[in-house]
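Residues per chain, in single letters:
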Amino acid sequence: MIIPLWAVFGLITAFFSALMMLMQEHFKVNGYALAFWIKVACVMVSLPFIFINGIPAHPMFYVYLAVSALLYAISDVYFFSAIPKSSAGSVSRLVPSAGVIGFLLWFIIDPSLFFKYIASPVISGLIFMTLCLFAFFALRLKKCTITMQTLRDVWFVIFAATVGPILTKLITFYADMEQARYAYICFQAMMMMAMWLIYLWVARPVPLSLFFARSTWQYGLLIGMVAAAMILTKFTSYYYVDNPAYIPAMIALDAVIILFFYKLRGLQPRGDVLSGLGIVGCAAALIILKAQI
(Lines give C-alpha, C1' and ligand atoms only; values in the text may rest on other atoms or scores of the structure.)
Protein backbone atom coordinates (compact mmCIF):
# COMPACT_ATOMS: atom_id res chain seq x y z
CA MET A 1 0.00 0.00 0.00
CA ILE A 2 1.48 3.34 -1.07
CA ILE A 3 1.08 6.13 1.48
CA PRO A 4 -0.25 9.26 -0.28
CA LEU A 5 1.97 12.34 -0.22
CA TRP A 6 -0.58 14.41 1.65
CA ALA A 7 -0.48 11.86 4.49
CA VAL A 8 3.34 11.89 4.60
CA PHE A 9 3.46 15.67 4.81
CA GLY A 10 0.56 15.62 7.27
CA LEU A 11 2.41 13.27 9.61
CA ILE A 12 5.55 15.42 9.50
CA THR A 13 3.36 18.41 10.27
CA ALA A 14 1.90 16.60 13.28
CA PHE A 15 5.41 16.08 14.68
CA PHE A 16 6.30 19.75 14.27
CA SER A 17 2.95 20.76 15.77
CA ALA A 18 3.53 18.60 18.86
CA LEU A 19 7.05 19.95 19.26
CA MET A 20 5.84 23.55 18.98
CA MET A 21 3.15 23.06 21.65
CA LEU A 22 5.50 21.24 24.02
CA MET A 23 8.05 24.02 23.68
CA GLN A 24 5.41 26.65 24.55
CA GLU A 25 4.20 24.54 27.48
CA HIS A 26 7.79 24.50 28.77
CA PHE A 27 8.80 28.13 28.06
CA LYS A 28 5.39 29.70 28.84
CA VAL A 29 5.91 32.77 26.66
CA ASN A 30 3.16 35.40 26.64
CA GLY A 31 0.71 34.27 23.94
CA TYR A 32 0.38 37.64 22.19
CA ALA A 33 4.13 38.26 22.05
CA LEU A 34 4.89 34.67 21.06
CA ALA A 35 2.47 34.80 18.13
CA PHE A 36 4.27 37.90 16.82
CA TRP A 37 7.83 36.57 17.17
CA ILE A 38 6.87 33.27 15.57
CA LYS A 39 5.78 35.18 12.47
CA VAL A 40 9.06 37.11 12.50
CA ALA A 41 10.81 33.73 12.29
CA CYS A 42 8.47 32.67 9.48
CA VAL A 43 9.43 35.74 7.45
CA MET A 44 13.13 35.13 8.09
CA VAL A 45 12.86 31.52 6.90
CA SER A 46 10.67 32.10 3.84
CA LEU A 47 11.92 35.43 2.47
CA PRO A 48 15.05 34.04 0.76
CA PHE A 49 12.87 31.56 -1.17
CA ILE A 50 10.62 34.44 -2.27
CA PHE A 51 13.57 36.00 -4.08
CA ILE A 52 14.42 32.67 -5.69
CA ASN A 53 10.95 31.53 -6.77
CA GLY A 54 9.09 34.81 -7.21
CA ILE A 55 5.55 35.55 -6.04
CA PRO A 56 2.08 34.56 -7.32
CA ALA A 57 0.47 37.05 -9.70
CA HIS A 58 -3.23 36.23 -9.28
CA PRO A 59 -4.98 38.80 -7.04
CA MET A 60 -7.32 36.19 -5.52
CA PHE A 61 -4.29 34.55 -3.94
CA TYR A 62 -3.81 37.66 -1.82
CA VAL A 63 -7.51 38.17 -1.16
CA TYR A 64 -7.88 34.73 0.43
CA LEU A 65 -4.50 35.16 2.11
CA ALA A 66 -5.64 38.39 3.77
CA VAL A 67 -8.82 36.75 5.07
CA SER A 68 -6.82 33.83 6.48
CA ALA A 69 -4.33 36.26 8.05
CA LEU A 70 -7.12 38.04 9.93
CA LEU A 71 -8.55 34.70 11.05
CA TYR A 72 -5.25 33.35 12.33
CA ALA A 73 -4.15 36.67 13.85
CA ILE A 74 -6.95 36.20 16.37
CA SER A 75 -6.69 32.42 16.61
CA ASP A 76 -2.94 32.26 17.26
CA VAL A 77 -3.14 34.53 20.28
CA TYR A 78 -5.86 32.36 21.84
CA PHE A 79 -3.94 29.20 20.95
CA PHE A 80 -0.56 30.16 22.41
CA SER A 81 -2.18 31.71 25.47
CA ALA A 82 -4.18 28.55 26.22
CA ILE A 83 -1.26 26.10 26.15
CA PRO A 84 0.56 27.26 29.33
CA LYS A 85 -2.81 27.56 31.07
CA SER A 86 -4.43 24.28 30.02
CA SER A 87 -1.41 22.18 28.85
CA ALA A 88 -0.37 21.12 25.37
CA GLY A 89 -2.15 17.79 25.79
CA SER A 90 -5.56 19.27 26.60
CA VAL A 91 -5.43 21.74 23.72
CA SER A 92 -4.16 19.15 21.22
CA ARG A 93 -7.07 16.80 21.98
CA LEU A 94 -9.75 19.45 21.36
CA VAL A 95 -8.55 21.19 18.20
CA PRO A 96 -8.89 18.03 16.02
CA SER A 97 -12.68 18.36 16.26
CA ALA A 98 -12.27 21.05 13.61
CA GLY A 99 -11.20 18.36 11.15
CA VAL A 100 -14.53 16.57 11.45
CA ILE A 101 -16.50 19.79 11.14
CA GLY A 102 -14.41 20.89 8.18
CA PHE A 103 -14.95 17.54 6.50
CA LEU A 104 -18.68 18.27 6.41
CA LEU A 105 -18.29 21.90 5.38
CA TRP A 106 -16.17 21.05 2.35
CA PHE A 107 -19.17 19.39 0.71
CA ILE A 108 -20.66 22.89 0.40
CA ILE A 109 -17.57 24.02 -1.52
CA ASP A 110 -17.34 20.88 -3.67
CA PRO A 111 -20.78 19.15 -3.84
CA SER A 112 -19.45 16.55 -6.32
CA LEU A 113 -17.63 14.87 -3.43
CA PHE A 114 -21.01 13.94 -1.96
CA PHE A 115 -21.87 11.78 -4.99
CA LYS A 116 -18.40 10.28 -4.89
CA TYR A 117 -19.02 8.98 -1.38
CA ILE A 118 -22.59 7.91 -2.13
CA ALA A 119 -21.17 5.67 -4.85
CA SER A 120 -19.45 3.71 -2.04
CA PRO A 121 -22.30 2.95 0.40
CA VAL A 122 -20.18 0.82 2.76
CA ILE A 123 -17.62 3.56 3.22
CA SER A 124 -20.38 6.14 3.53
CA GLY A 125 -21.98 4.06 6.28
CA LEU A 126 -18.70 3.82 8.16
CA ILE A 127 -18.21 7.56 7.85
CA PHE A 128 -21.68 8.07 9.33
CA MET A 129 -20.78 5.77 12.24
CA THR A 130 -17.56 7.71 12.77
CA LEU A 131 -19.50 10.96 12.96
CA CYS A 132 -21.86 9.38 15.50
CA LEU A 133 -18.89 8.31 17.63
CA PHE A 134 -17.51 11.82 17.38
CA ALA A 135 -20.80 13.15 18.78
CA PHE A 136 -20.67 10.55 21.60
CA PHE A 137 -17.14 11.52 22.69
CA ALA A 138 -18.01 15.21 22.41
CA LEU A 139 -20.91 14.70 24.82
CA ARG A 140 -18.62 12.85 27.24
CA LEU A 141 -16.18 15.75 27.21
CA LYS A 142 -18.96 18.07 28.37
CA LYS A 143 -18.83 16.32 31.75
CA CYS A 144 -15.14 17.17 32.25
CA THR A 145 -14.68 20.59 33.89
CA ILE A 146 -11.01 20.84 32.85
CA THR A 147 -11.86 20.10 29.24
CA MET A 148 -14.76 22.55 29.20
CA GLN A 149 -12.51 25.29 30.56
CA THR A 150 -9.99 24.51 27.83
CA LEU A 151 -12.81 24.61 25.28
CA ARG A 152 -13.76 28.10 26.43
CA ASP A 153 -10.14 29.13 25.93
CA VAL A 154 -9.77 27.65 22.45
CA TRP A 155 -13.24 27.86 20.87
CA PHE A 156 -12.04 30.42 18.36
CA VAL A 157 -9.02 28.24 17.58
CA ILE A 158 -11.40 25.42 16.66
CA PHE A 159 -13.42 27.81 14.52
CA ALA A 160 -10.27 28.99 12.73
CA ALA A 161 -9.08 25.41 12.31
CA THR A 162 -12.42 24.61 10.66
CA VAL A 163 -12.54 27.54 8.24
CA GLY A 164 -8.79 27.98 7.72
CA PRO A 165 -8.17 24.76 5.75
CA ILE A 166 -10.93 25.69 3.31
CA LEU A 167 -9.30 29.09 2.74
CA THR A 168 -5.91 27.45 2.34
CA LYS A 169 -7.23 24.99 -0.23
CA LEU A 170 -8.80 27.88 -2.15
CA ILE A 171 -5.46 29.71 -2.07
CA THR A 172 -3.75 26.75 -3.76
CA PHE A 173 -5.99 27.21 -6.81
CA TYR A 174 -4.33 30.52 -7.70
CA ALA A 175 -0.60 29.73 -7.74
CA ASP A 176 1.82 26.89 -8.37
CA MET A 177 3.23 25.15 -5.32
CA GLU A 178 6.84 26.39 -5.60
CA GLN A 179 5.77 30.01 -5.43
CA ALA A 180 2.69 29.69 -3.25
CA ARG A 181 4.05 27.79 -0.27
CA TYR A 182 6.77 30.36 0.48
CA ALA A 183 4.62 33.36 -0.43
CA TYR A 184 1.86 31.97 1.79
CA ILE A 185 4.17 31.77 4.81
CA CYS A 186 5.90 35.10 4.22
CA PHE A 187 3.02 37.38 3.23
CA GLN A 188 0.54 35.91 5.67
CA ALA A 189 3.09 36.43 8.45
CA MET A 190 3.67 40.05 7.38
CA MET A 191 -0.07 40.74 7.33
CA MET A 192 -0.53 39.22 10.77
CA MET A 193 2.45 41.10 12.20
CA ALA A 194 1.02 44.38 10.91
CA MET A 195 -2.33 43.63 12.56
CA TRP A 196 -0.69 42.78 15.89
CA LEU A 197 1.56 45.86 15.86
CA ILE A 198 -1.41 48.14 15.18
CA TYR A 199 -3.37 46.55 18.02
CA LEU A 200 -0.30 46.70 20.29
CA TRP A 201 0.04 50.42 19.58
CA VAL A 202 -3.65 51.15 20.14
CA ALA A 203 -4.64 48.83 23.00
CA ARG A 204 -1.32 47.81 24.61
CA PRO A 205 -2.50 44.26 25.46
CA VAL A 206 1.08 43.44 26.52
CA PRO A 207 3.61 45.74 28.22
CA LEU A 208 6.29 46.76 25.73
CA SER A 209 8.96 45.69 28.21
CA LEU A 210 7.57 42.14 28.10
CA PHE A 211 6.89 42.18 24.36
CA PHE A 212 10.51 43.05 23.54
CA ALA A 213 12.13 41.21 26.45
CA ARG A 214 15.15 39.13 25.49
CA SER A 215 13.65 35.87 26.73
CA THR A 216 10.42 36.61 24.82
CA TRP A 217 11.98 37.17 21.40
CA GLN A 218 14.62 34.45 21.84
CA TYR A 219 12.11 31.76 22.76
CA GLY A 220 9.67 33.17 20.23
CA LEU A 221 12.15 32.90 17.36
CA LEU A 222 13.16 29.39 18.47
CA ILE A 223 9.56 28.18 18.52
CA GLY A 224 9.00 30.14 15.32
CA MET A 225 11.57 28.09 13.42
CA VAL A 226 9.61 24.96 14.28
CA ALA A 227 6.35 26.73 13.37
CA ALA A 228 7.75 27.78 9.99
CA ALA A 229 8.69 24.18 9.19
CA MET A 230 5.22 23.07 10.30
CA ILE A 231 3.45 25.63 8.09
CA LEU A 232 5.61 24.70 5.11
CA THR A 233 4.85 20.97 5.34
CA LYS A 234 1.18 21.63 6.09
CA PHE A 235 0.72 23.96 3.13
CA THR A 236 2.49 21.49 0.84
CA SER A 237 0.11 18.73 1.92
CA TYR A 238 -2.88 20.79 0.72
CA TYR A 239 -1.64 20.46 -2.85
CA TYR A 240 -2.05 16.69 -2.75
CA VAL A 241 -5.44 16.34 -1.06
CA ASP A 242 -8.96 16.69 -2.46
CA ASN A 243 -10.78 17.43 0.82
CA PRO A 244 -8.74 19.79 3.05
CA ALA A 245 -10.44 18.50 6.21
CA TYR A 246 -8.14 15.48 6.02
CA ILE A 247 -5.05 17.59 6.72
CA PRO A 248 -6.09 18.76 10.22
CA ALA A 249 -7.35 15.22 10.81
CA MET A 250 -3.84 13.90 10.15
CA ILE A 251 -2.24 16.69 12.17
CA ALA A 252 -4.51 15.61 15.04
CA LEU A 253 -1.97 12.86 15.66
CA ASP A 254 0.07 15.53 17.46
CA ALA A 255 -2.13 14.69 20.48
CA VAL A 256 -0.82 11.11 20.44
CA ILE A 257 2.75 12.33 20.07
CA ILE A 258 2.32 14.66 23.06
CA LEU A 259 0.85 11.86 25.19
CA PHE A 260 3.80 9.66 24.23
CA PHE A 261 6.15 12.45 25.36
CA TYR A 262 4.23 12.76 28.66
CA LYS A 263 4.61 9.01 29.16
CA LEU A 264 8.36 9.16 28.58
CA ARG A 265 8.72 12.05 31.03
CA GLY A 266 6.35 10.57 33.61
CA LEU A 267 3.95 13.54 33.35
CA GLN A 268 0.25 13.27 34.18
CA PRO A 269 -2.09 14.47 31.38
CA ARG A 270 -5.01 16.70 32.33
CA GLY A 271 -8.70 16.29 31.50
CA ASP A 272 -10.69 13.41 30.04
CA VAL A 273 -7.91 11.77 28.04
CA LEU A 274 -10.02 8.83 26.80
CA SER A 275 -12.74 11.00 25.29
CA GLY A 276 -10.14 13.39 23.90
CA LEU A 277 -8.38 10.52 22.18
CA GLY A 278 -11.79 9.39 20.92
CA ILE A 279 -12.12 12.74 19.15
CA VAL A 280 -8.64 12.28 17.68
CA GLY A 281 -9.50 8.72 16.67
CA CYS A 282 -12.63 9.83 14.83
CA ALA A 283 -10.63 12.40 12.91
CA ALA A 284 -8.02 9.78 12.00
CA ALA A 285 -10.76 7.32 10.99
CA LEU A 286 -11.95 9.75 8.33
CA ILE A 287 -8.48 9.62 6.78
CA ILE A 288 -8.51 5.83 6.62
CA LEU A 289 -12.03 5.69 5.19
CA LYS A 290 -11.28 8.29 2.55
CA ALA A 291 -8.25 6.35 1.38
CA GLN A 292 -10.50 3.39 0.55
CA ILE A 293 -12.46 5.32 -2.11
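Residues numbered from 1 in each chain as written. Predicted model: local features only at pLDDT ≥ 70, side-chain atom pairs only at ≥ 80, totals over all residues. Heavy atoms only, no water.

The subject of this paragraph is the packing of aromatic side chains. In the structure shown here, the tally under the stated rule is 21 aromatic pairs. Where Tyr32 meets Tyr199, the ring centres are 6.2 Å apart and the plane angle is 40°; that geometry is what we call tilted. Note that Tyr32 is positioned in helix α2 (residues 31-53) and Tyr199 in helix α9 (residues 177-203), a separation of 167 residues in sequence. Under the relative-accessibility criterion, Tyr32 is labelled buried at 7%. Taken together through their ring pairs, the aromatic side chains of Tyr32, Phe36, Trp37, Tyr199, Phe211 and Phe212 make up a single cluster. The ring of Trp201 has Arg204 lying over it, and the distance from NZ or CZ to the ring centre is 5.6 Å. (Phe/Tyr/Trp six-rings, centres within 6.5 Å; stacked < 30°, edge-to-face > 60°. Helix = DSSP H or I, 4+ residues; strand = E, 2+ residues; numbered from the N terminus. Buried < 20%, exposed > 50% of the residue type's maximum accessible area, 1.4 Å probe, protein only. Lys NZ or Arg CZ within 6 Å of the ring centre and 35° of its normal.)

Take a nonpolar patch on the surface next. On the surface, Met44, Val45, Phe49, Ile52 and Met225 cluster together into a nonpolar patch covering about 460 Å² of accessible area. Broken down by element, the nonpolar patch gets its largest block of residues, 4 residues, from α2. Along the polypeptide, Met225 turns up in helix α11 (residues 214-237). The partly exposed category is assigned to Met225, whose relative accessible area is 38%. (Patch = residues over 30% accessible without salt bridge, like charges linked within 9 Å, V, L, I, M, F, W, Y side chains within 5 Å. Areas by Shrake-Rupley, 256 points an atom, 1.4 Å probe, with all protein chains shown as cover. Salt bridge = Lys/Arg side-chain N within 4 Å of Asp/Glu carboxyl O.)

For the rest of this paragraph, the subject is the packing of helix α1 (residues 5-27) against helix α13 (residues 254-265). Here α1 crosses α13 at 50°, and the two axes come no closer than 8 Å. With respect to α13, the axis of α1 lies oblique. Along this stretch, α1 crosses α13, giving a crossing that reads as right-handed. On α13, the residues touching Ala14, Phe15, Ser17, Ala18, Met21, Leu22 and Glu25 of α1 are Asp254, Ile257, Ile258, Phe261 and Tyr262. (Axes fitted to C-alpha atoms, helices over the stretch in contact; angles between N-to-C directions. Parallel < 35°, antiparallel > 145°, perpendicular 65-115°, else oblique. Left-handed = near helix turned anticlockwise from the far one by under 90°. Contact = heavy atoms within 4.5 Å.)

Turning our eyes to something else, we now look at the nonpolar core. Ranked by internal contacts, the top residues of the largest apolar core, which has 100 residues, are Met20, Phe61, Phe79, Tyr184, Trp196, Phe211 and Tyr246. Apart from the residues lying within four places of it in its own chain, the contact partners of Tyr246 are Trp6, Phe103, Tyr117, Val241, Leu286, Ile287 and Lys290. (Core = buried A, V, L, I, M, F, W, Y, C linked by side-chain atoms within 4.5 Å.)

We now examine unusual backbone geometry. In terms of backbone geometry, most residues other than glycine have negative phi values and most peptide bonds are trans. Positive phi is not limited to glycine here, since Lys28 has a value of about 55°. Assignment of secondary structure puts Lys28 in the loop between α1 and α2. Its relative accessible area of 51% is what places Lys28 among the exposed residues.

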